[in-house]
Structures are given as structure tokens and as C-alpha cells.
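Chain by chain, the residues run as shown.
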Amino acid sequence: MAPMSYIELSNKLSKGGQTQLLEIARNAITGYFDSQPLDIDIADVSDELACDGASFVTLLDSKKALRGCIGTLEAHQSIIHDVAEHAVAAAIRDHRFLPLTKDELQYCSISISLLTPREPILVTCEQDLLNEIQPHIDGIVIKDGYRQATFLPKVWDQLSEKEEFLSHLKSKAGFKADEWPETTECWRYRCIEFSE
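In this text, all values refer to a predicted model and were calculated from it rather than measured experimentally.

Student: Even after reading the chapter, I still don't get the sheet that holds strand β2 (residues 66–71), so can you show me in this structure?
Tutor: Sheet strands pair by backbone hydrogen bonding; their relative direction is either parallel or antiparallel. Taken in spatial order, the 4 strands line up as β2-β1-β3-β8 in an open sheet, and their pairing is antiparallel. In this open sheet, the two edge strands, each paired with only one partner strand, are β2 and β8 (191–195). Recorded for the sheet is a direction-independent mean angle of 15° between the axes of neighbouring strands. Sheet topology places strand β1 (residues 54–60) next to strand β3 (residues 109–115); 7 bridges connect them, and they run antiparallel. When the sheet's bridge partners are listed, L60 is paired in β3 with S109. Where helix α2 (residues 15–33) meets the sheet, it contacts β1, β3 and β8, and its direction lies at approximately 120° from that of β3. Each of β1, β2 and β3 touches helix α4 (residues 79–92); the most contacted strand, β1, lies at about 35° to it.

Student: I'm lost on the sheet that holds strand β5 (residues 139–144) in this one. Help?
Tutor: Taken together, 4 strands build an open sheet; the order of strands is β4-β7-β5-β6 and the sheet is antiparallel. Two strands bound the open sheet, and with one partner strand each, they are β4 (119–121) and β6 (147–151). Strand after strand, the sheet turns through a mean of 25° between neighbouring axes, direction not considered. Across 5 bridges, β5 lies against β6 in antiparallel orientation. Residue pairing in the sheet places V141 in a bridge with T150 of β6.

Student: Looking at this structure, I do not really get unusual backbone geometry. What am I missing?
Tutor: Among all residues except glycine, the phi angle is most often negative; among peptide bonds, the trans geometry is most common. Phi angles above zero are rare outside glycine, and S35 is one such case at about 55°. Within the secondary structure layout, S35 lies in the loop between α2 and α3 (47–50). Note on S35: relative accessible area 63%, which makes it exposed. Positive phi is not limited to glycine here, since K64 has a value of about 65°. Note that K64 resides in the loop between β1 and β2.

Student: How should the nonpolar core be read in this particular structure?
Tutor: Nonpolar side chains tend toward joint burial in soluble globular proteins. Formed by 31 residues in total, the largest nonpolar core has its most connected members in L21, V83, I110, I112, L114 and F194. At the level of secondary structure, the elements contributing two or more residues to this core comprise α2, α3, β1, α4, β3 and β8. Listed in part, the 19 residues of the second largest apolar core include I133, V155, F175 and W180.

The rules behind the values
Here the residue index of a chain counts from 1 through its sequence in written order. The model is predicted, so local features are restricted to residues of pLDDT at least 70 and side-chain atom pairs to those at 80 or more, both for listing and for counting; the totals for chains, interfaces and linings are taken over all residues. Excluded from the side-chain calculation are hydrogens and water; included are all heavy atoms of the structure. Two strands are counted as paired when DSSP detects at least two bridges linking them. The helix count covers DSSP runs of H or I at least four residues long, the strand count covers runs of E at least two residues long, and both are numbered beginning at the N terminus. Structural elements are reduced to axes, namely lines fitted to C-alpha atoms, with helices fitted over the stretch in contact, and the angle between N-to-C directions of any two is expressed from 0 to 180 degrees. The contact definition used throughout considers only heavy atoms, calling two residues in contact when any of these lie within 4.5 Å. Only protein chains enter the accessibility calculation, which uses a 1.4 Å probe. A residue is then buried if its area is under 20% of the maximum for its type, exposed if over 50%, and partly exposed in between. We define a nonpolar core as any set of buried Ala, Val, Leu, Ile, Met, Phe, Trp, Tyr and Cys residues linked to one another through side-chain atoms lying within 4.5 Å.

The structure is reproduced here in C-alpha cells:
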């Protein structure tokens with residue numbers, strides 16, 4: 001099934017669907033620790049969760065500090081499978097952190113971001129992008145060759161000024177502070193986010 005637009009995500013993903021995805025994320029991690037991977041039969045899944053979707057799953061520790069975050073920008077499988085896969089990856093494959101332990105999981109909270117398909121932003125310079133960015137709405141991707149980075153819209157909570165947001169995003173992508181290659185490509189997307 002085709003990925004849902006922001007309007008469709010907002011209107012079609014019920015509170016029950018959100019709760020189910022959060023349960024799937026936690027159960028996927030627990031299943032990994034118990035060597036019992038989840039077996040999700042797409043035939044038993046509601047249409048809203050069977051749609052293709054791109055997700056990020058974020059783990060926060062007991063002090064609400066980041067403990068892992070993994071996701072994808074491109075929808076290539078059902079939302080429910082995407083969330084399950086990225087939940088496990090956030091727990092054990094985020095190279096910024098040691099793998100989560102089973103004991104730690106009980107103290108972590110889970111947040112899920114579902115992304116709309118990304119749209120290109122046509123810019124010729126850094127100022128063009130600053131003019132286009134919508135704070136607290138847009139997730140942004142920048143790419144030049146092999147260097148690429150994204151910030152989800154919730155990053156605006158920590159980096160509320162456009163210049164600060166873009167500066168940190170450039171740094172994440174490996175750009176120098178004053179660098180903006182002519183070949184830089186940019187995209188925007190939106191998210192719906194929900195947490196335990």
C-alpha cells in the first residue's frame with residue numbers, strides 16, 4: 001500500500017493504532033532479548049498499520065535523555081513492520097550508545113515518529129533554505145554526495161532558531177560551518193509523533 005500523506009496520517013491513525021504501535025515497539029525489543037522475534041501476520045493488521053510507512057523509533061532513559069534513535073526516510077514496508085524493526089535497532093544498533101540491556105528497558109520510554117513522503121526544496125544557497133524552513137513543522141534532510149543528515153521536527157524543541165537548527169544539521173552531515181556546496185540537495189517532510 002502507498003504511504004499516507006500528513007493529512008491521512010493525522011486523520012486515519014487512530015489512538016488505538018498509536019497504542020498498538022507503541023506496544024509492538026516494546027514487544028519487539030522484549031522479543032529480541034528473549035530470543036523470540038515478533039511474528040507479525042500482515043493479514044491480521046488493520047489497514048492503517050498495513051500501509052507502507054517510514055518511521056523513527058526513539059528511546060529515552062529514566063532521566064528523559066536520548067538512549068537510542070533509528071529510523072528511515074523512505075517507506076518500504078508496512079508501518080507495523082517498520083516500527084518493530086526500528087525499535088530493536090534503536091535499542092541495540094545506535095552506534096552512539098552501548099546496546100540497551102533487558103533490565104534497562106523497563107526504565108525507558110518509547111516515542112514513535114511517522115514520516116510523510118519527503119518533498120524536495122529547491123535552493124541555490126543556505127539562505128534560500130533558511131527562508132523555506134518552517135520551524136516546529138518541518139523535518140529537514142540535507143545531502144551532498146555521501147554526506148547526509150536529517151533532523152526530525154521534534155528537534156525544534158531543542159534548537160528553536162532556524163540558524164541554530166541548520167548549523168547543527170550541517171555539522172551532523174559533516175559540513176564545515178561556512179560550507180554550502182552547490183550540489184547540496186534538500187528535502188522536507190512532516191511527522192506525527194506519539195509516546196508512551
